[in-house]
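Fold and geometry: a report
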Amino acid sequence: MSRYIVFYKSTCPFCVKAKELLEEKGCEYSLIEVGGSASSPWTQVKEAFRWQTVPMILEAESDVVFHFIGGYTDLVEYLQVEEEPEVIASDVVDDEVQG
């Protein structure tokens, strides 16, 4: 079974959604809180993957092989999750009138 590594900021809503999605799917994951100065290891990681935002999600296929997934929407696509459609008030009214 794969495990996931999520570089995140606790104030990022997409980071929270990615964590919740992994939990919902029963996936093993590790969270790495990021931030800091321009010389921090996080800056070096962003440059190495050419990815500037959080979450940054990787799949650990083994202890030495990692697959870069991307951000939250990339994770949704990768896990082939269908998000529930938004319910629009007019849809609810139309259903009640027809029903």
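Residues numbered from 1 in each chain as written. Predicted model: local features only at pLDDT ≥ 70, side-chain atom pairs only at ≥ 80, totals over all residues. Heavy atoms only, no water.

Turning our attention to the confidence of the model for the protein. This prediction gives the protein a mean pLDDT of 83; 76% of its residues lie at or above 70. The weakest mean pLDDT in the protein belongs to helix H4 (residues 89-98) at 49; the strongest belongs to helix H1 (residues 13-24) at 96. Note that pLDDT drops below 50 for residues 90-98; the model gives that stretch 1 contact with residues more than four away or on any other chain. (pLDDT = per-residue confidence, 0-100. Helix = DSSP H or I, 4+ residues; strand = E, 2+ residues; numbered from the N terminus. Contact = heavy atoms within 4.5 Å.)

Below, the discussion takes up helix H2 (residues 41-49). Of all the positions in H2, only Trp42, Thr43 and Lys46 are classed as buried. For H2, the angular spread of the buried residues around the axis is 100°, confining them to a single face. Of the residues in H2, the exposed ones pointing more than 90 degrees away from the buried face are Pro41, Gln44, Glu47 and Ala48. Its buried side turned inward, H2 meets strand E1 (3-8) and strand E3 (56-60). The first or second residue beyond H2 is Arg50, which carries a positive phi of 55°. (Buried < 20%, exposed > 50% of the residue type's maximum accessible area, 1.4 Å probe, protein only. Arc of directions from axis to C-beta.)

Let us look at the packing of aromatic side chains. Each aromatic ring pair is characterised by the separation of its centres together with the angle its planes make. Under the defined criterion, the tally for this structure stands at 4 aromatic pairs. A centroid spacing of 5.9 Å and a plane angle of 40° characterise the contact between Phe14 and Tyr72, whose relative ring orientation is tilted. With Phe14 in helix H1 and Tyr72 in helix H3 (residues 72-78), this residue pair connects regions lying 58 residues apart in the sequence. Owing to a relative accessible area of 44%, Phe14 belongs among the partly exposed residues under this scheme. Take Tyr72: its relative accessible area is 9%, and that puts it in the buried class. Linked through ring pairs, Phe49, Trp51 and Phe68 together constitute an aromatic cluster. (Phe/Tyr/Trp six-rings, centres within 6.5 Å; stacked < 30°, edge-to-face > 60°.)

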